[in-house]
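Results of the structural survey
Spelled out, the chains give:
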Amino acid sequence: MKVKLLSALNDTNVDVSQASSQRQLAISISAIAGELDQNLPLNLCLILDKSGSMHGQPIKTVIQAVEGLIDRLKVGDRISVVAFAGSTEVIIPNQIVLDPEDIKSQIKSKLNASGGTVIADGLALGITELMKGTKGNVSQAFLLTDGHGESSLRIWKWEIGADDHKRCLELAQKAAKLNLTINTLGFGNSWNQDLLEKIADVSGGTLAHIERPEQAVEQFSRLFKRIQSVGLTNAYLLLSLVPNVRLAELKPIAQVAPDTIELPVQQEADGGFAVRLGDLMKDMKRVVLANIYLGQLPEGKQVIGHLQIRYADPAENKQGILSPIMPVYANVVRVYQPATDSQVQQSILTLAKYRQTQLAEAKLQQGDHIGAATLLQTAAKTALQIGDTSAATVLQTSATRLQAGEELSESDRKKTRIVSKTVLQE
């Protein structure tokens, strides 16, 4: 399994007379399989909310979705199941799948809804189970909850009790360092969208919304299909820029496909930058957008930077593999005419849709409904420009409701967040 690495500037031409020029560099990364390469075995942990609010139809549909996943696991795959409420328990310890029917029977008999919601305890136990089967496998978790988790109580300057949200984010960061990916699924409309989004983003996973119980099977299946296509893991984008070229200071790098995520940038000892990508899929490229500024450069075709991917190949049990170094060129011209790339422009608009929606949410939290509506309308128009009609409909509907003086329901807010991050499948 190898890495496919491509790059393009939104405008390859640069005016030689300009003291500073801004460009967007789109970087596409995916795994490419050889003729003999097969799907990697999975090490999957299901971390499931069994709190009292999941009683009845919700827990029944989750069990149905879980059974569907177990039926799709192959010989050599590993499974573990953790359930959390006020307390946490391992329902299925990490094991190779030998008897799917027995595993399904145990889940059905043990997954009973009752109690409160302490997400961090479930996440901690899930990471522990995943760590038992990482060698040679793609290690991922599905974290499903319909609640907010429990916050600490603050009295003046003292914090009493554990802050579930803080612990969750610390655990997500730990998971990323251990090369574990956490996908989050919000069930219903009462879950904490900020928390679940951050857990997924930090660990390189995906956020999904199960608005109605009957959607559980579909959403589990969609995420499972994605993790089945993983070919390489623990990937980092390594970026170095030549003198007189620099990254933007604010939010310099973001992923725009398959989901939109603001990516943290690490400064390397050699002056370059490292950006964690996580798992690389065979049939779904990761597209990263870097915002760079070019100072004055000599006329002609100029190298402005270099790209490389550092990754792990679980099939060969190898870490820290380096792809060939790829130079990035700009064409510095005396008579400037734009040489724009339409695909990079699409990526720029995808990121704009996400950031416009974020600004709208901030306005809404400040009580500025008109300002939020205006930004959501702008985001809807941006979505239409990239052909994302599903997002445009959701965003415009939310804008119209705010303009009419209505409040957005929890469902409206969650749909708005989801469509800002990803292109929905028709």
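Residues numbered from 1 in each chain as written. Predicted model: local features only at pLDDT ≥ 70, side-chain atom pairs only at ≥ 80, totals over all residues. Heavy atoms only, no water.

Some words on the environment of Gln377
Relative to the assigned elements, Gln377 resides in helix H8 (residues 369-385). Note on Gln377: relative accessible area 25%, which makes it partly exposed. Sequence separation between Gln377 and Gln356 is 21 residues, and the spatial gap between their C-alpha atoms is 9.3 Å. Excluding anything up to four places from it in sequence, Gln377 contacts Gln396, Ala399 and Gln403. (Helix = DSSP H or I, 4+ residues; strand = E, 2+ residues; numbered from the N terminus. Buried < 20%, exposed > 50% of the residue type's maximum accessible area, 1.4 Å probe, protein only. Contact = heavy atoms within 4.5 Å.)

Examining the packing of aromatic side chains
Throughout the structure, instances matching the rule amount to one aromatic pair. Both rings, one in Phe142 and one in Phe220, keep their centres 5.7 Å apart while their planes meet at 80°; by these two values the pair is edge-to-face. Residue Phe142 is found in strand E7 (residues 138-145), and its partner Phe220 is found in helix H6 (residues 216-228); the two are separated by 78 residues along the sequence. Residue Phe220 is classed as buried on the basis of its relative accessible area, which comes to 0%. (Phe/Tyr/Trp six-rings, centres within 6.5 Å; stacked < 30°, edge-to-face > 60°.)

Description of the confidence of the model for the chain
Scored by pLDDT, the chain comes out at a mean of 92, with 95% of its residues at no less than 70. Across residues 151-161, where pLDDT falls below 50, the model places 12 contacts with residues more than four positions away in sequence or in other chains. (pLDDT = per-residue confidence, 0-100.)

As for the pattern of salt bridges
Note that side chains of opposite charge can pair when their charged atoms are close. Counting across every chain of the model gives 24 salt bridges. One salt-bridge network, in which partners are shared between bridges, spans Asp194, Glu197, Asp201, Glu361, Arg417 and Lys421. (Salt bridge = Lys/Arg side-chain N within 4 Å of Asp/Glu carboxyl O.)

Overview of the pairing of strand E4 (residues 42-49)
A large share of E4 lies buried, amounting to eight of its eight residues. Neither face of E4 is exposed, since Leu42, Leu44, Leu46 and Leu48 on one face and Asn43, Cys45, Ile47 and Asp49 on the opposite face are all buried. Here seven bridges tie E4 to E7, and the two strands are oriented parallel to one another. Each bridged residue has a counterpart across the sheet, and for Cys45 the counterpart in E7 is Ala141. Handedness of the E4-helix H1 (residues 57-72)-strand E5 (residues 78-84) crossover: right-handed. (Pairing = 2+ DSSP bridges. Right-handed = clockwise from strand over helix to strand, strands pointing away.)

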